[in-house]
Amino acid sequence: MALRQALFGAIAFLVPGALSAQELALPDLPAASTTPRIAEQAHKIVIPNRPAPVPVEIYLAPSGPDEGDGSPDRPYRSFESAQKAVRANNRDHDVTVKLAPGTYRLEQPLRFSPADGGQNGFTVRWEGTGTAFPVLSGGLPVSGWYLADRKREIWAAKIPKGLAPRQITVNGRLAPRAAIEIPRNAVTFHTWGLQITDASWGMLASLPGQHRMEVEGMSWFTHRHAVVDRIEGDRIVMQQPGWRNNLVGYDTLARPVSADVARMFLGNALAFLREPGQWFVDADAGLLYYRPRPGEDMIRTEAILPRLDHLVSISGTYEQPVRDLQFRGLQFSHTSWEGPSGPGGYPSQQSGSYLAGELTDYPADPIRDCSWGCWPFERMRNKWKQQPAAVQVAAARRVAFDNDRFSQLGQIALGIGNNPEANESGIGLGTSAIEVTCSWFSDLAGGAIMVGGIEPDAHHPSRPEMGLRDILIRNNRIDHVSADYKEQSAILVTYASGALILNNEISDTPYDGIDVGWGWGANDPGGSAEYWRQQRGYYDQPGNIVYDTPTTLRDTVVKGNRIARVKQWFPDGGAIYHLSADPGALITENYITDVAGSGGIAIYLDEGSRYVTVRENVIDKVGGVWLNLNSQSHIAPRRTAMDNSAMGNWYNSGRLNGEWSDYLNNTIRDNTSVKEDSWPATARGIISASGAGNNCGSHH
């Protein structure tokens, strides 16, 4: 009898509202000697299943009534109202917010905290309805165009004074800002700025708005921006510390890696508006100038002026992350990150990272003494910043983007677990089980997806919740990205565990297709011999330590991607590029084609790459190198790039670089050179299966 009462008590506790003991009609249990009958009769107990809660649907429309209630007939107009309704239901229901087609012009970025995600195992979804993509826009439409300069074919329109975005959209595409190329031999470089040595450029001193002009330079792997302060005669005096920071490090403005490929531009002045499709904003006068492309009718031209520097911030805390939040069938557009417009400029280092602030012990002659690194520069390496993305995710679990569009954005489109300063919330890192699938990234000022941070907490977290784990990037299409920050790769993963980059289609980019890893081996166990005193002196600087434990980078898989026509501006890097130790890393079954130029590289294992398997990739029409390993032979007999293998790959062009030797334990075998397109059946199968294909349905 006591056992029966205990059993009933357990049932009542687990199933509130369960049947009574009489209703269950449990017989008295027999004595212990007949216990086999207990199992025989236990199957007669029937515990009713609790019915699943009915999912809640909330409706949102840009033309909803002022007093909408979220129903299909009276949808909410504001995201704030929809979020309140979500919070009222997400503790005990799955909730879907259905967005009607149209443009939602955001007054401020959308913020999703832990209260906005699913609670108690439920899920919150924000999704577009129908086949149209609702547009979450951070911009203002521009109208009222008039012909301002008939001779130069320049039109103008009034805009709010003070707005000075770095990007605008014209007829659905980003338009380039007014700029002209200046020969590098027309000036000389100094710590204060540029001395004009070619008298034909003396007219610069007479131009108005000099404090908004910019200098841009690019060469081997950096795209640098710095802002003018004033022009005095033949002296272009630059704003600081941005200019000074652009003179130190590697591939600098004054001493690029290759003078043969280096280019320099002057931008952001009305006098530079010379080419069709370019624009200029006079923020003080509140005027936007534009020179139309052939065939553009300015009466019908649609221009969008960004007023937000990002669109979405998703962030909890390490103790309470945002959970179970999904976005589907939405378009994110019209932002402009204005960081490079300030005194700090944009001293880019690589793929969205940049040097900021004042350097301690700045060298007296940086052009002579710090154009191939120096101790003051190495002191800052762990303090580089990251460009804030338009859509930011940090301190979050189980967040998904599916069948979304990211377009006409003024920076990296989607940032996952980046540095704290790259997030509006001030919380960085700490993301797991994030999925980006079947989405389209196109027409972006920066890269498409940036995963991970670059500060010490990114590679050696001070608390376990900071780590990045289980990131899935699959079946996405990425093209025409990094227009204004050309050094940014389409997809970057710095430090993460188990990142999967599968069956994406990447094309028409100025820099790399897929980049994995960070740190150049300096943060791996035992450090890198390249960064000791006799080389770069990194470890001699305060805060830069030799770790005895691995970084969080491990088990990365890059598989089934189709990458074409990348590396259109920079010789450095590769269509697929890898840095540092990555135990369990696999690069396999990718199809890489049309990497032009005499130095074009398909797959590049750079400094400190270890434990990487490169297997069964197809390399087609590569101008330079099909597989490059930076084995850093100049520091031999010390070793850095070790324990890698390359096998079973096919290539019809390019050469092999690097030391594949027993001493470094780098193995290469069974790779096949193919004449033109005479691919064997297995290689043809890999080509056919690569990319997004038709894996995403009609909504993609």
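Only a predicted model underlies this, so the values are computations on that prediction, with no experimental measurement involved.

What counts, and where the lines are drawn
- Residues numbered from 1 in each chain as written.
- Predicted model: local features only at pLDDT ≥ 70, side-chain atom pairs only at ≥ 80, totals over all residues.
- Heavy atoms only, no water.
- Helix = DSSP H or I, 4+ residues; strand = E, 2+ residues; numbered from the N terminus.
- Rg over C-alpha atoms; globule rule 2.2 N^0.38 Å.
- Contact = heavy atoms within 4.5 Å.
- Areas by Shrake-Rupley, 256 points an atom, 1.4 Å probe, with all protein chains shown as cover.
- Lys, Arg positive; Asp, Glu negative; His and termini not counted.
- Charge placed at Lys NZ, Arg CZ, Asp CG, Glu CD.
- Pairing = 2+ DSSP bridges.
- Core = buried A, V, L, I, M, F, W, Y, C linked by side-chain atoms within 4.5 Å.
- Buried < 20%, exposed > 50% of the residue type's maximum accessible area, 1.4 Å probe, protein only.
- Disulfide = S-S within 2.5 Å.
- Axes fitted to C-alpha atoms, helices over the stretch in contact; angles between N-to-C directions.
- Arc of directions from axis to C-beta.

Chemist: So what exactly am I meant to see when it comes to the overall build of the protein chain here?
Modeler: Of regular secondary structure, the protein chain possesses nine helices and 54 strands. The C-alpha atoms of the protein chain give 29 Å as radius of gyration, which agrees with the globular expectation for 700 residues (27 Å, within 12%). Looking at the protein chain alone, contacts between residues at least 24 apart form 77% of all its contacts between residues at least 6 apart. About 28,000 Å² of surface is accessible on the protein chain, with carbon and sulfur atoms providing 50% of the total. Counting 65 positive and 76 negative side-chain charges, the protein chain places the averaged centre of each group 1 Å from the other.

Chemist: Explain the sheet that holds strand β24 (residues 331-333) to me, please; I cannot follow it from the model alone.
Modeler: Sheet strands line up and pair through hydrogen bonds in the backbone, either parallel or antiparallel. Reading across the sheet, the twelve strands line up as β3-β6-β24-β30-β33-β36-β39-β42-β45-β48-β51-β54 and stay open at both edges, with parallel pairing between neighbours. At either margin of the open sheet sits one strand with a lone partner, and together these are β3 (103-105) and β54 (672-673). Two strands pair when backbone bridges link them, and strand β33 (residues 440-444) and strand β36 (residues 477-479) are joined in this way by three bridges, in the parallel orientation. In the strand pairing of β36, S442 is matched with D479.

Chemist: Looking at this structure, I do not really get the nonpolar core. What am I missing?
Modeler: As a rule of thumb, nonpolar side chains are buried together in soluble globular proteins. Residues W126, I314, F401, F441 and I603 are the most contacted members of the largest nonpolar core, which totals 152 residues. The biggest single contributor to this core is strand β46 (residues 601-605), with five residues. Within the second largest apolar cluster, 17 residues are counted, among which are V142, A157, A164 and L305.

Chemist: Looking at this structure, I do not really get the state of the cysteines. What am I missing?
Modeler: Chemically, a disulfide is nothing more than a covalent bond linking the sulfur atoms of two cysteines. Applying the stated criterion across every chain yields a total of two disulfides. In this model, C370 is linked to C374 through a disulfide, with the two sulfur atoms separated by 2.0 Å. Judged by the sign of its S-S torsion, about -70°, the cystine formed by C370 and C374 is left-handed. Across the disulfide from C438 sits C696; the S-S distance is 2.0 Å. On the sign convention where negative is left-handed, the bridge of C438 and C696, at about -80° about the S-S bond, is left-handed. Here C696 lies in the segment after α9 (681-689) and C438 lies in the loop between β32 (431-437) and β33, a separation of 258 residues in the sequence.

Chemist: What am I meant to see in unusual backbone geometry here?
Modeler: A negative phi angle is the norm for most residues apart from glycine, just as the trans form is the norm for most peptide bonds. Here the bond from Q240 into P241 is cis, since omega is 10°, no more than 30 degrees from zero. In this structure, the amide linkage connecting A636 to the following residue, P637, adopts the cis form with an omega of 10°. With respect to the helices and strands, P637 occurs in the loop between β49 (625-629) and β50 (645-647). Phi is positive for N171, which is not a glycine, with a value near 50°. On the secondary structure map, N171 appears in the loop between β10 (168-170) and β11 (173-175).

Chemist: Help me understand the sheet that holds strand β9 (residues 154-158), please; the structure alone is not making it clear to me.
Modeler: Spatial strand order, β8-β9-β20-β19: four strands in an open sheet with antiparallel pairing. Every interior strand has two partners, whereas the edge strands, β8 (146-149) and β19 (279-282), have only one. Averaged over all neighbouring strand pairs, the angle between strand axes comes to 30°, with direction disregarded. Pairing of β19 with strand β20 (residues 287-290) involves four bridges; the strand directions are antiparallel.

Chemist: What am I meant to see in the environment of Q108 here?
Modeler: Position of Q108 relative to the elements: it lies in the loop between β3 and β4 (110-112). On the accessibility criterion, Q108 (41% relative accessible area) is partly exposed. Each C-alpha atom of the pair Q108 and A157 lies 24 Å from the other, and the pair is 49 residues apart in sequence. Contacts of Q108, omitting those with residues within four sequence positions, involve E80 and L308.

Chemist: Help me understand α9, please; the structure alone is not making it clear to me.
Modeler: Note: α-helices contain 3.6 residues per turn, so residues at a spacing of three or four share the same orientation. Listed as buried for α9 are A683, I686 and I687. Each buried residue of α9 lies within a common arc of 100° when the element is viewed along its axis, so the set occupies one face. When the buried face of α9 is taken as reference, the exposed residues oriented beyond 90 degrees from it are A681, S688 and A689. The inward-facing, buried residues of α9 contact β42 (562-564), β45 (591-595), β48 (618-622) and β51 (650-651). Trailing α9 by a residue or two, G691 shows a phi angle of about 85°, which is positive.

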